[in-house]
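# Residue-level structural notes
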Amino acid sequence: MIKVLFVCLGNICRSPTACGVFASQVAASELSDRIRVDSAGTSGWHIGASPDHRAMQHAAQYGYDLSFIRSRKINEQDFIEQDLILAMDDENLRSLRQDCPPDYADKLRLFLDFADLPVSEVPDPYYGDDEGFARVLNLVELGGLALLNHLKSNYLQDS
Ligand code: 4NP
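Keep in mind that this is a model prediction, so the values were computed, not measured. (Residues numbered from 1 in each chain as written. Predicted model: local features only at pLDDT ≥ 70, side-chain atom pairs only at ≥ 80, totals over all residues. Heavy atoms only, no water.)

## Structural notes on the sheet that holds strand β4 (residues 108-110)
Across the sheet, which stays open at both edges, the four strands sit in the order β2-β1-β3-β4 with parallel pairing between neighbours. With partners counted over all chains shown, the strands left at the sheet margins are β2 (35-41) and β4, one partner each. Sheet twist, expressed as the mean angle between neighbouring strand axes with direction ignored, is 25°. Alignment of strand β3 (residues 84-87) against β4, held across three bridges, turns out to be parallel. Directly across from Ile85, in β4, lies its bridge partner Leu108. (Pairing = 2+ DSSP bridges. Helix = DSSP H or I, 4+ residues; strand = E, 2+ residues; numbered from the N terminus. Axes fitted to C-alpha atoms, helices over the stretch in contact; angles between N-to-C directions.)

## Observations concerning the pairing of strand β1 (residues 2-8)
The buried fraction of β1 is high, at six of seven residues. Sheet topology places β1 next to β2; seven bridges connect them, and they run parallel. Directly across from Val7, in β2, lies its bridge partner Ala40. Handedness of the β-α-β unit built from β1, helix α1 (residues 14-28) and β2 comes out right-handed. Bridge count for β1 against β3 is four bridges, and the pairing is parallel. (Buried < 20%, exposed > 50% of the residue type's maximum accessible area, 1.4 Å probe, protein only. Right-handed = clockwise from strand over helix to strand, strands pointing away.)

## As for the environment of Gln82
Mapping Gln82 onto the fold places it in the loop between α3 (76-81) and β3. You can call Gln82 buried: its relative accessible area is 2%. The spatial distance from the C-alpha of Gln82 to the C-alpha of Asp38 is 9.2 Å, given a sequence separation of 44 residues. Leaving out residues up to four positions away in the same chain, Gln82 has contacts with Lys3, Val4, Leu5, Arg36, Asp38, Arg72 and Lys107. (Contact = heavy atoms within 4.5 Å.)

So, in structure tokens, the structure goes:
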């Protein structure tokens, strides 16, 4: 089982979107028994909250359900248990690097590192308009497919 954790700041916009979209892409590839998906925030500002209604609305438009997700803060156990810890932007990657025990630092990456895109970050949409949320969804779909291809060719070849 490969365990993937998506991480943003509040765990109510970008990382829950990535979690819901990627779980759906994994299911479509019939790999749900090989890849486990979760999300968390580097802040604890929204612990227990559902995803932002704008994130849920945009996701629902494309057929993704985020309603089961509740915000949580990344914890020490995550650094030990997760296989890949994927930050949505540089600031969150920096924050993860500060908190991660050195033995597990190799698990930390930028989510969009796996995609061949002109951008490396999923921009924070929280204080913006609908366009920002549409952009998150678009980047997350592209990034998710690239991540899935990476996992298939690096970890799941014999299946
Ligand atoms: P997220 O977006 O990190 O993609 O979940 C944000 C959510 C909340 C806040 C900032 C970013 N906030 O300042 O409360």
